[in-house]
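Fold and contact review
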Amino acid sequence: MILVGLSVGLLFGALAERTAFSPYDAVREVVAGERRSSAAVVLVAMASAVAATQFLLVAGHFETTNASYLPARTSLFAVLVGGVLFGVGAVLARGCLTRCTVRAGTGDLLALVVILVAGLSAYMTTHGALSPPRALLHRVLAGDVASIDLPTRIADMTGIASATIRVAAIGVAAMAIGVVVLYSRFSREAMYAIGFGPIVAGAWYLTAEYFADPFEIARPNAVSIAGPLASAIHCIFDAMRVVPDYGTGLVAGVLGGAALSALRRGHFVFVAPVRSRPFAQAAFGGLLMGFGAVTSVGCTIGQGLSGLSLLSIMAPVALLGMLIGICGAFAWIGVRGGSALARA
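Residues numbered from 1 in each chain as written. Predicted model: local features only at pLDDT ≥ 70, side-chain atom pairs only at ≥ 80, totals over all residues. Heavy atoms only, no water.

1. Quick look at the overall build of the protein chain
Secondary structure assignment for the protein chain yields 17 helices and 0 strands. Over its C-alpha trace the protein chain gives a radius of gyration of 19 Å, about what one expects of a compact globule, namely 20 Å for 344 residues. Projected onto the principal axes, the alpha-carbon positions of the protein chain cover approximately 60 × 50 × 40 Å. Within the protein chain, the proportion of its 344 residues that are buried is 52%. Look at the contacts in the protein chain between residues 6 or more apart in sequence, and 80% of them connect residues 24 or more apart. (Helix = DSSP H or I, 4+ residues; strand = E, 2+ residues; numbered from the N terminus. Rg over C-alpha atoms; globule rule 2.2 N^0.38 Å. Buried < 20%, exposed > 50% of the residue type's maximum accessible area, 1.4 Å probe, protein only. Contact = heavy atoms within 4.5 Å.)

Here's what the structure looks like:
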């Protein structure tokens, strides 16, 4: 499985570096009133992931059973709070986990610190000292509302076949891609972002069907950063007993793919923090993002691409929390324009 993760990560990392994929920058540019390609890239990537994944589901190529974004029981309140904390952390770190991982692959040492701290935080939230507060949050208003995806829930409520709803979702996603690409004036980055869909859908298919372990309950995976970072940290802490898995390979692949893309385009350069304050601020941002991502069951790509591609009920809740966190942090630090946002 590590080779599957490495392959998916290489493709994702290279494409993310080429398109400057960054949900954080997309929100920042919209708030600042700037018209750049970040928002278009993110919207096209989301729509493409939905269209490609739903196509595979309609065709019966894989099942969503045991997917982490469709848990049997969870608390949408905890998902929302985790998203808010993640958003605040993204502002402090000057980028979400995805963007920081890509930047680390291109030589940004401050971004490397962010993902290391975030990985340690995610590990502690899953297995260590930060696990009790996460568990406490998930006991608040816990229920089974997130146990199925939106098409299935709508089908239960209306009597319409879930396959019909999935086909409609594919059509809406395809139209959204066309509108966004047109609005972006056929931006090259926006058109390249269509490639995120096949990457996400391909990861679901490979991990759910082709490379599933016949002796274990198959848990399909797509793309995420927080959970894989925690897995990588676990491997470092207990290298003698822990076998590198899909997540470890995914993180290594994203770093490697971003580095290769940057080297090919002449964008690879080592950048080190020159002041202590940005370093401490970014590290604290990484801490918040690690805890927030695990609590919200995914980061900006975990919920924003993978969860959304399954039309999980949790995905819009987590993304709303992240949006609230980012915008709230901007307001708290007194951001009032594009240049100020860039320095935040």
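2. Focus on the packing of helix H1 (residues 2-19) against helix H13 (residues 246-265)
Any two packed helices are characterised by how steeply their axes cross, that is the angle between the axes, and by the distance between the axes. Across the interface, H1 lies against H13 with an axial gap of 6 Å and an inter-helix angle of 35°. Of the two elements, H1 crosses H13, and the hand of that crossing is right-handed. Looking at side-chain class alone, the contact of H1 with H13 contains 14 nonpolar, 8 polar and 3 charged residues. (Axes fitted to C-alpha atoms, helices over the stretch in contact; angles between N-to-C directions. Left-handed = near helix turned anticlockwise from the far one by under 90°. Nonpolar A, V, L, I, M, F, W, Y, C, P; charged D, E, K, R; others polar.)

3. Some words on the nonpolar core
The biggest cluster of nonpolar side chains holds 82 residues, and the ones touching the most others in it are Phe12, Phe21 and Leu305. Among the elements that line this core, the one with the most residues is helix H3 (residues 38-58), at 13 residues. Look past the residues within four positions of Phe21 in its chain and what remains in contact with it is Ala16, Val41, Val42, Ala45, Thr98, Arg99, Phe196, Ile301 and Leu305. Among the nonpolar cores identified, the runner-up in size contains 5 residues, and Ala122, Tyr123, Ala230 and Ile233 belong to it. (Core = buried A, V, L, I, M, F, W, Y, C linked by side-chain atoms within 4.5 Å.)

4. Some thoughts on the environment of Gly5
Positionally, Gly5 belongs in helix H1. Sequence separation between Gly5 and Leu109 is 104 residues, and the spatial gap between their C-alpha atoms is 24 Å. Look past the residues within four positions of Gly5 in its chain and what remains in contact with it is Tyr246, Gly249 and Leu250.

5. Here we look at helix H9 (residues 162-183)
If you check H9, its first and last C-alpha atoms are 31 Å apart, about what 22 residues at 1.5 Å a residue would give, namely 32 Å. Taken as a whole, H9 has its buried residues at Ile165, Arg166, Ala169, Ala173, Ile177, Val180 and Val181. In an axial view of H9, the angular spread of the buried residues amounts to 140°, which keeps them on one side of the axis. Exposed side of H9, more than 90 degrees from the buried face: Val172, Met175, Val179 and Leu182 are the residues found there. The inward-facing, buried residues of H9 contact H3, helix H8 (150-158) and helix H10 (188-192). At the exit of H9 stands Arg185, carrying a positive phi of roughly 60°. (Expected span 1.5 Å × (residues − 1). Arc of directions from axis to C-beta.)

6. Concerning the confidence of the model for the protein chain
In the predicted model, the protein chain carries a mean pLDDT of 87, and the fraction of residues at 70 or more is 90%. Confidence drops under a pLDDT of 50 for residues 335-344, and excluding neighbours within four residues, the segment shows 20 contacts in the predicted structure. (pLDDT = per-residue confidence, 0-100.)

7. Concerning the pattern of salt bridges
Applying the stated criterion across every chain, the model contains 5 salt bridges. Put simply, Arg28 and Asp25 hold a salt bridge, and the shortest N to O gap is 3.4 Å. With Arg28 and Asp25 both in helix H2 (residues 23-32) and 3 residues apart, this pair spans about one turn of that helix. Here Arg103 ties to Asp108 by a salt bridge, and the two come within 3.4 Å at their closest N and O atoms. Taking the relative accessible area as the measure of exposure, Asp108 reaches 17% and is therefore buried. (Salt bridge = Lys/Arg side-chain N within 4 Å of Asp/Glu carboxyl O.)

8. Quick word on the packing of aromatic side chains
As enumerated under the stated definition, the model contains 7 aromatic pairs in all. Taking the centre distance of 4.9 Å and the plane angle of 45° together, the rings of Phe21 and Phe196 count as tilted. With a gap of 175 residues between them, Phe21 in the loop between H1 and H2 and Phe196 in helix H11 (residues 196-210) connect regions that are remote in the sequence. Just as Phe21 is buried, Phe196 falls in that class too. Ring centres 6.1 Å apart and planes at 55° place the aromatic pair Tyr24 and Phe330 in the tilted group. One end of the pair, Tyr24, is in helix H2; the other, Phe330, is in helix H16 (residues 314-332), and 306 residues separate them in sequence. Connected via pairs of aromatic rings, a cluster forms that spans Phe12, Phe21 and Phe196. (Phe/Tyr/Trp six-rings, centres within 6.5 Å; stacked < 30°, edge-to-face > 60°.)

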